[in-house]
Amino acid sequence: MRARAAAEIRVNGTVQGVGFRPFVYRLAHRFNLAGHITNSAEGVVIRVAGEAADIDALVDSIKNHPPPLARIVTLRRSDITLTEQPSSFLIIESDTGGQSKTHVSPDIATCADCRREITDPADRRLLYPFTNCTNCGPRYTIIRSLPYDRPRTTMAYFSMCPECSTEYTDPQDRRFHAQPNACPVCGPELEWRDNNSLSPAGGTPLDRAVQALADHRVVGIKGLGGFHLAASAYSTRAVARLRERKNRPAKPLAIMIRDLETARQLCHISPTAHQLLASNSCPIVLLQKKDDCGLADNLAPGLDELGVMLPYTPLHHLLFARPQAPACLVMTSGNAAGEPLCKDNDDALQRLGSFCDGFLLHNRIIHTRVDDSVIRVIGHSPRFLRRSRGYAPAPVRLARRLEPILAVGGELKNCFCLARDRDAFMSQHIGDLNNLSTPDFFHQTFERLKDLLEIEPQAVAADLHPDYLSTRFAEDLNLPITRVQHHWAHAASVMAEHGLDESLAIILDGTGYGPDGTVWGGEVLHCSLHEYKRLGRLSPLPLPGGDRAARQPWRMALAALQASGINDPRAAVNLAEIDERQQQFIREMIDKGVNCPPTSSCGRLFDGVSSLLGICQFNTFEGQAAMELEAAASRALGRRSLLEANSFTDIGGTEFFHEKDGLLEIRTPELIQILTGKMAAGSWSVSELALFFHLFLVSSFGNMIGFLSRQTGIDTVVLSGGSVQNRILTEGFIDFFSLTHLKLHTNVQVPANDGGLALGQAVIGGAHVSGYSHAG
């Protein structure tokens, strides 16, 4: 009898908890192969025996047609000799030895099969809100350790009934080794908890929650990765009640819409946005709302876009299926301002009790809290504003190998990064570390993710700012530390994504500590992963009162007027609501240089212009003035590209920069003079003035980069920073550089804001291993 061929196949990547083993089991039976498959610390190990052509076909199918949720990073095949010839193909117990190098699957939105089951009267999971299978459901939020097996998840507390056990152990079943597998007999349950006498009485927990929402009440709903605060998105009264209780007067509120058809009635949806909304990651997507759509006008005051997501758990689908349920609900994060998301029942009842009229709870433990991801379509491509549920902790694949390193990120919108070899694992959204409870969340998530991925950092990278809590945490680890300048890290995050060695960089954001001790934020750099040099900037403005200027844009308006030599009272006409004595006090501070550090911040320039145009005088949330300024410019732009705007032909070739103190400097006083002159003449509307501001930035920075490219011979450009979340600005740069020989790269896999900072820190830190390295 001819000896059969045999092979060992090792697959690394996201291959656990995604139906990979039953997929291979079915392939083995199709190709008449014997052997086994098991989870290992590195991924999965397959050993097969059979005809060589059939083994080739198995490998080809794995490579080219993997399960929809799998992400194969490496596949290594080697020929082996088997001492015993297997007679069948088996799935065997996981091998827990060795260091784990497998990837953790993010949580996945409910699949079509499960959605069908929960509405099928003949199915035993009819109306069951915790239905899932190997193709959907919780993953990262319930995993305690790898390999991904039920005893290592929070579902270990629920013993499967005979029917669920049969599904779980049948390789041909869709629920084979679906670790969260459950049904109404053996799985988690809902609970309704009244919080005041106005809550509805009687009915199932879901019925009572729906009735409260229909009655304009606020309901706390425990979901996949934490709590949402829910209210009818059609009810101005309910939204106002939620805003008052949460002390959130103007920040946009995310909404969940029953289905895609309803979403199309309310918002404009591009093909890219459609794909995102319907994806198994199911993020929040920013969409332009339609006029007279019927939604409450206080969902996003001053803005034309709404953050929209579709239902992504069975509980959401069942809630919207109730006849009384509003077709659109506010679903904002269940936390007090700046605090981490609530994930536990008792914690939510205590912390969110003053916000909610009732709670829809359940008893499946959330091990790791994960907030919703937020994406904006810019230049026809998805851009992360927040990378979290559905994406974290999937790694970013790097062009170069790194020794194990931790990068701690920044102070605001914090995410950290654990990197090893060619994988950079970005944490979920942590939040603002200047809140008292957020550092605890940071520490807890770091320890959990470090243990889960079995990465023991040998070095750490942190921001240059001496007072960042993330930097202090890094210093306390007693590891070799690399201190990375903020804007260099932004540039490096793009370089890491695209495998770049050297580039010119435009970095636009609100604040970043410069090695000269000043606040940077409108920068042009020459970067590699080993060093950087500052080549250009926005001309500095005074920052009256330091951080208070970021909360009160009118201060920056006065600073811009003073720096531009403008004393005409008409230029400050839109500051009339600000007490004149306060204005005079700030003018004197600026004149005397008292507590007015210089800043080249693009974010603060946005604030100043927004104030001068009468759009926003106070930031009640980060970025409010800039967002409202962009919204005003968008109304003037319409569906044109920025380069098609009438005023671009007037300034497109103008070089609004000069050399000063060894740096190229964009002359923002000229911008302010043009804006105030047009205001005084009444020749342009506020929206046209807002649009001109965007044109000025694109033209000025674009022409500066062109000049520097000719000097340096570098034709690669990266664009990053919080201001790059602005659609008009980024699409303007994309269009501008498309007309040149220069190649523009932007963030794709991580946010351009500080949520992507840690990726840049990690690759720079990996290049330096230890020591303090910067130039500039």
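Everything that follows concerns the structure shown earlier in this document.
Residues numbered from 1 in each chain as written. Predicted model: local features only at pLDDT ≥ 70, side-chain atom pairs only at ≥ 80, totals over all residues. Heavy atoms only, no water.

1. Considering the overall build of the chain
Item 1. Each helix and strand in the chain was counted, giving 23 helices and 29 strands.
Item 2. In summary, the chain has a C-alpha radius of gyration of 28 Å against a globular reference of 28 Å for 776 residues, a match within 12%.
Item 3. A principal-axis box enclosing the C-alpha atoms of the chain has dimensions of 95 × 65 × 50 Å.
Item 4. In the chain, which comprises 776 residues, the share counted as buried stands at 60%.
Item 5. Contacts in the chain between residues at least 24 apart in sequence constitute 72% of all its contacts with a sequence separation of at least 6.
Item 6. In the structure as shown, the chain presents an accessible area of about 29,200 Å², 48% of it carried by carbon and sulfur atoms.
Item 7. In the chain, 77 side chains carry a positive charge and 84 a negative one; their mean positions are 2 Å apart. (Helix = DSSP H or I, 4+ residues; strand = E, 2+ residues; numbered from the N terminus. Rg over C-alpha atoms; globule rule 2.2 N^0.38 Å. Buried < 20%, exposed > 50% of the residue type's maximum accessible area, 1.4 Å probe, protein only. Contact = heavy atoms within 4.5 Å. Areas by Shrake-Rupley, 256 points an atom, 1.4 Å probe, with all protein chains shown as cover. Lys, Arg positive; Asp, Glu negative; His and termini not counted. Charge placed at Lys NZ, Arg CZ, Asp CG, Glu CD.)

2. So, the environment of Pro393
Item 1. In this structure, Pro393 sits in the loop between β16 (381–386) and β17 (395–407).
Item 2. When near neighbours in sequence (up to four residues on either side) are disregarded, Pro393 contacts Val104, Tyr140, Phe425, Met426 and Leu449.

3. Structural notes on the pattern of salt bridges
Item 1. Evaluated as defined, the whole model comprises 41 salt bridges.
Item 2. Arg174 is the salt-bridge partner of Asp113, the closest N and O atoms lying 3.8 Å from each other. Of this pair, Asp113 sits in helix α3 (residues 112–117) while Arg174 sits in the loop between α4 (162–169) and β6 (190–194); the two residues are 61 residues apart in sequence, bridging distant segments of the chain.
Item 3. Under the relative-accessibility criterion, Arg174 is labelled partly exposed at 23%.
Item 4. Put simply, Glu630 and Arg376 hold a salt bridge, and the shortest N to O gap is 2.9 Å. Separated by 254 residues along the polypeptide, Glu630 in helix α18 (residues 624–637) and Arg376 in strand β15 (residues 374–378) bring together distant segments of the chain.
Item 5. Since its relative accessible area comes to 7%, Glu630 is described here as buried.
Item 6. Put simply, Asp113, Arg116, Glu117, Arg174 and Arg175 are held in one network by salt bridges that share partners. (Salt bridge = Lys/Arg side-chain N within 4 Å of Asp/Glu carboxyl O.)

4. Digging into the sheet that holds strand β4 (residues 71–79)
Item 1. Strands sit in the order β4-β1-β3-β2-β5 across an open sheet of five strands; the sheet is mixed. Only two strands of the sheet have a single partner each, and these edge strands are β4 and β5 (89–91). Sheet twist, expressed as the average angle between the axes of neighbouring strands with direction ignored, equals 15 degrees.
Item 2. Of the pairings in the sheet, the one linking strand β1 (residues 5–14) to strand β3 (residues 43–50) comprises seven bridges and is antiparallel in character. The residue bridging Ala7 from the neighbouring strand is Val48, located in β3.
Item 3. Taken strand by strand, helix α1 (residues 20–30) contacts β1, β2 (34–40), β3, β4 and β5, and its axis lies near 175 degrees from that of β5.
Item 4. Along the sheet, helix α2 (residues 52–64) contacts β1, β3 and β4; its crossing angle with β4, the most-contacted strand, is approximately 165 degrees. (Pairing = 2+ DSSP bridges. Axes fitted to C-alpha atoms, helices over the stretch in contact; angles between N-to-C directions.)

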